[in-house]
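In case you want the letters, here they are:
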Amino acid sequence: MKRTHSQVSPTMCPSAANDSLPNEFTNGHGTAVNGSTGTENVIIVGAGPAGLMLASNLTRYGIKPCIVDDRSDKTSTGRADGLQPKTIETFKQLGLANPLLQKGVKIFDICFWNSTPSTPLQRTRREVHYPPGVDVIEPFILLVHQGMVEDIFIEDLRERGVEVMRSRPFSRYSMGQDLKDPIKIVCDNTINGSEESLKAKYLVGCDGARSKVRSSIPSAELVGDSTRAPWGVLDGVIETDFPDLWSKVVIHSEEKGTILCIPRERNMTRLYIELNPRMAEALSNDAATQDFVIKRAQEIIAPFTLKWESIEWFSVYKVGQRVANRFTDDEEKVFITGDAAHTHSPKAAQGMNTSMHDSFNLSWKLNLAIRGLALPSLLSTYTHERRKIAQDLINFDFEHANAFADGDSKALAANFAANIAFISGLGATYAPNILNIECLNAGGCLQPGALLLPARVTRYIDANPVDLQLDIPMLGQFRTCFFTANPHHSYGFLSTISLHLTSTNSVLGRASKAAEISYETMSTKSPESDEFMQPQRYIAVSRLFTPALVTTIKKEEIEISDLPSMFRESCWTFYLDDLTSERQSCTDKWLGAVEEGQVTLVNIRPDGYVGAIETWDNGQGKQACEYLDAYYGGFLKG
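- The name an unreviewed UniProt entry gives the chain is FAD binding domain-containing protein, with Amylocarpus encephaloides as the organism.
- Taken verbatim from the UniProt record of the chain, the Sequence similarities (unreviewed entry) comment is "Belongs to the PheA/TfdB FAD monooxygenase family."

## Thoughts on the sheet that holds strand β6 (residues 119–128)
Here's step 1: In space, the seven strands of this open sheet follow the order β6-β5-β14-β15-β16-β13-β17, with mixed pairing throughout. Single-partner strands in this sheet number two, and they are β6 and β17 (306–317). On average, each strand axis in the sheet is tilted by 20 degrees relative to the strand beside it, whichever way the strands run.
Here's step 2: Of the pairings in the sheet, the one linking strand β13 (residues 231–240) to strand β16 (residues 269–274) comprises six bridges and is antiparallel in character. When the bridges of β16 are listed, D235 appears paired with R270.
Here's step 3: Sitting on the sheet, helix α8 (residues 376–406) touches β13, β14 (248–253), β15 (257–263) and β16, and the angle it makes with β14 is about 55 degrees.

## Looking at the sheet that holds strand β26 (residues 598–604)
Backbone hydrogen bonds are what pair the strands of a sheet, in a parallel or an antiparallel way.
Here's step 1: Taken together, the seven strands give an open sheet; going across it, the order is β22-β21-β25-β24-β23-β26-β27, and neighbouring strands pair in mixed fashion. Because the sheet does not close on itself, it has two edges, and the strands there are β22 (464–467) and β27 (610–617). Strand-to-strand twist across the sheet, computed as the mean angle between neighbouring axes with direction ignored, equals 30 degrees.
Here's step 2: Direction of pairing for strand β23 (residues 478–484) relative to strand β24 (residues 545–551): parallel, over a ladder of seven bridges. From the neighbouring strand, R479 faces β24, where its bridge partner is T546.
Here's step 3: Of the strands in this sheet, β23, β26 and β27 are in contact with helix α16 (residues 621–632), which crosses β27 at around 165 degrees.

## Overview of empty space enclosed by the protein
Here's step 1: The space that makes up the largest cavity amounts to roughly 200 Å³.
Here's step 2: Lining the largest cavity are 20 residues, with T354, H357, R386, G425 and A428 sitting closest to its centre.
Here's step 3: Elements that contribute at least two residues to the lining of the largest cavity include exactly α2 (85–93), α7 (351–370), α8 and α9 (409–424).
Here's step 4: Within the lining of the largest cavity, the residues separate by chemical class into eight nonpolar, nine polar and three charged.
Here's step 5: For the lining of the second largest cavity, the class distribution of residues is seven nonpolar, one polar and three charged.

## So, the packing of helix α11 (residues 491–501) against α16
Here's step 1: Contact geometry for α11 and α16: axes closest at 9 Å, N-to-C directions at 35 degrees. Pair α11 / α16 crosses with right-handed handedness. Within the contact between the two elements, α11 uses F493, T496, I497, H500 and L501 and α16 uses G621, K622, A624, C625, L628 and D629.
Here's step 2: Counted by class, the contact of α11 with α16 contains six nonpolar, three polar and two charged residues.

## Some remarks on the layout of surface pockets
Here's step 1: There is about 600 Å³ of room inside the second largest pocket.
Here's step 2: Contributing to the lining of the second largest pocket are 24 residues, with K92, L94, G95, L96 and A97 lying nearest its centre.
Here's step 3: If you list the elements that add at least two residues to the lining of the second largest pocket, you get α2, α3 (98–103), α4 (146–159), α10 (468–471) and α13 (530–533).
Here's step 4: Top element by residues in the lining of the second largest pocket is α4. It accounts for five residues.
Here's step 5: For the lining of the second largest pocket, a count of residues per class yields ten nonpolar, four polar and ten charged.

## Some thoughts on the side chain of D397
Here's step 1: Topologically, D397 is positioned in helix α8.
Here's step 2: Judged by relative accessible area, D397 falls into the buried class, the value being 1%.
Here's step 3: A polar contact of 2.8 Å, which involves the side chain of D397, links it to the side chain of Q321.
Here's step 4: A distance of 2.6 Å separates polar atoms of two side chains, one belonging to D397 and the other to S345.
Here's step 5: D397 has contacts with Q321, H344 and S345, leaving out every residue within four places of it along the chain.

## A few points about the confidence of the model for the chain
Here's step 1: On average, the chain scores 90 in pLDDT, and the residues at 70 or more come to 92%.
Here's step 2: Under a pLDDT of 50 for its full length, residues 14–37 has, in the predicted model, 52 contacts with residues more than four places off or in other chains.

## Structural notes on the pattern of salt bridges
Here's step 1: This structure, assessed with the given rule, holds 34 salt bridges.
Here's step 2: Note that R270 is salt-bridged to D235, the shortest N-O span being 2.7 Å. On the criterion of sequence distance, the pair formed by R270 in strand β16 and D235 in strand β13 is long-range, its members being 35 residues apart. Each member of the pair, R270 together with D235, is buried.
Here's step 3: Across the pair R386 and D358 runs a salt bridge whose closest N-O atoms are separated by 2.6 Å.

About the cut-offs
Residues numbered from 1 in each chain as written. Predicted model: local features only at pLDDT ≥ 70, side-chain atom pairs only at ≥ 80, totals over all residues. Heavy atoms only, no water. UniProt positions renumbered as here; feature names shortened; annotations may be inferred. Pairing = 2+ DSSP bridges. Helix = DSSP H or I, 4+ residues; strand = E, 2+ residues; numbered from the N terminus. Axes fitted to C-alpha atoms, helices over the stretch in contact; angles between N-to-C directions. Contact = heavy atoms within 4.5 Å. 1 Å grid on protein atoms, 1.4 Å probe; cavity = no way out; pocket = protein on both sides within 12 Å on 5 of 7 lines; lining within 4 Å. Points joined across faces, edges and corners; volume = space filled by probe spheres on them. Nonpolar A, V, L, I, M, F, W, Y, C, P; charged D, E, K, R; others polar. Left-handed = near helix turned anticlockwise from the far one by under 90°. Buried < 20%, exposed > 50% of the residue type's maximum accessible area, 1.4 Å probe, protein only. Polar contact = N/O pair within 3.5 Å; in protein donor to acceptor, adjacent residues only side chain to side chain. pLDDT = per-residue confidence, 0-100. Salt bridge = Lys/Arg side-chain N within 4 Å of Asp/Glu carboxyl O.

Written out as structure tokens, the structure reads:
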């Protein structure tokens, strides 16, 4: 049973300080960008989903970013379109999912159609996209226009007093001579033709595959295959007698190529059309017109008819599988996320999802670094973790794209089945590092470096059945979840932990005190939605971590007043593992079991990944305190 581990203001760009800019670093009129005279905490280049996810999270953590974008407006047509189950869960925890779930199209199945020179087009198989063995709450892909995702973030930021600075393409940056000096950033103002300048502690490039931020990082470049065949993409309202229009469909013709058909919101359908199948002559760029792409689609889907009542967006793309050789500069003050760091085909609906989770990973680490709470080792984990995920994605996408081009429905289905956990987002796992401490948890599903899997419990205070992995909102905090069969029997252990973590004798206690001072001086406007979410329920003990207690005891056998002070104070995170309607209890599923006389602790990172798991006997409270200091002392100042 023992689990062991290795020791271990509503302005566009608000000013974070009052330092003045050098005279040469202004917009040509003697002032800095937007009238700012200080140093920003973070400048984000790019207001697509990756940049807006980063901005939204930093803002809810109390850090006001500056967002610059080269476009005059948000995305109105085209681009990315699919949210995977894990991303939907993330939006739920951010309180942003409902509008997308209401307006999007849910895809539960995938169909395969094939034709050969001697065999007419016919359905060859139908698969459930996320079969029961994939442990997700929402077993579907949610098809929503990228602009809808951007809208959700933009409105969330606006409620918190942050706007995007548009028509400001990033030009260049330069570093000061001292590491403590701010980064100098220059943007072009395409409205009046001037140069505008900013200073920042950190710069993050979320500016796409042709990222200027990436090209400004010394020796940074995309590495891999950039010579994939061209595909056309059409968004529009279709009139057809094809029977599977409202499923995800792969249609393959050995002579003419392949179509990926995806239902979209507002009665639209997106078609990805292969323009250069292996049996055809090479197609020039000039020949890939909208009319040509439409004709090719009609040829592939014949004998079914296909015509468009309207077309909202048309594009031709050629994307290879490439990963940046580095995701940051040497000083770890300039970072890249999303397409700036990795590119691949869009056929498995991974780009927007992976990009936003790059930003999700980076956001809480930047928050702690900006507040002076993190050791340098914390920011180093960004590249270590997200470059691995990018490489995993490229490896999967290479096989997936080849199976797609071959039109082999059996091979494509097998590729999906082998990678379905990764595709869903739940299978994106990190290697061991200072945050993810290897341990033995043979009886349960949780593993350090992996995401929490769905588990239902009852919230004690109001008897609500909740998803434990989602119940505590994303506020940039760690979660320390203690599992015990009987809090009465474990009172001595829990009391020792309670006293230690809330005192300056502990790393978390000292860091919590520093965090409280930081939040008093650096915070953001609270949105109206906070009145409904009530974040103070989860920061009662600390702005840095939320303690939670999970027990199998019956409700009538315990009161909140029976708990040690830290757990009483965090009464909204006291849970009963008593839902008999569930196939497996949370404790059994996550940990295998927690024996009478033992307590198991699951340290959960702010992004929902498991950090470390350990089990102690009730008399080992002192050892547990030493363990917690060793773990959190690896990346927090304390």
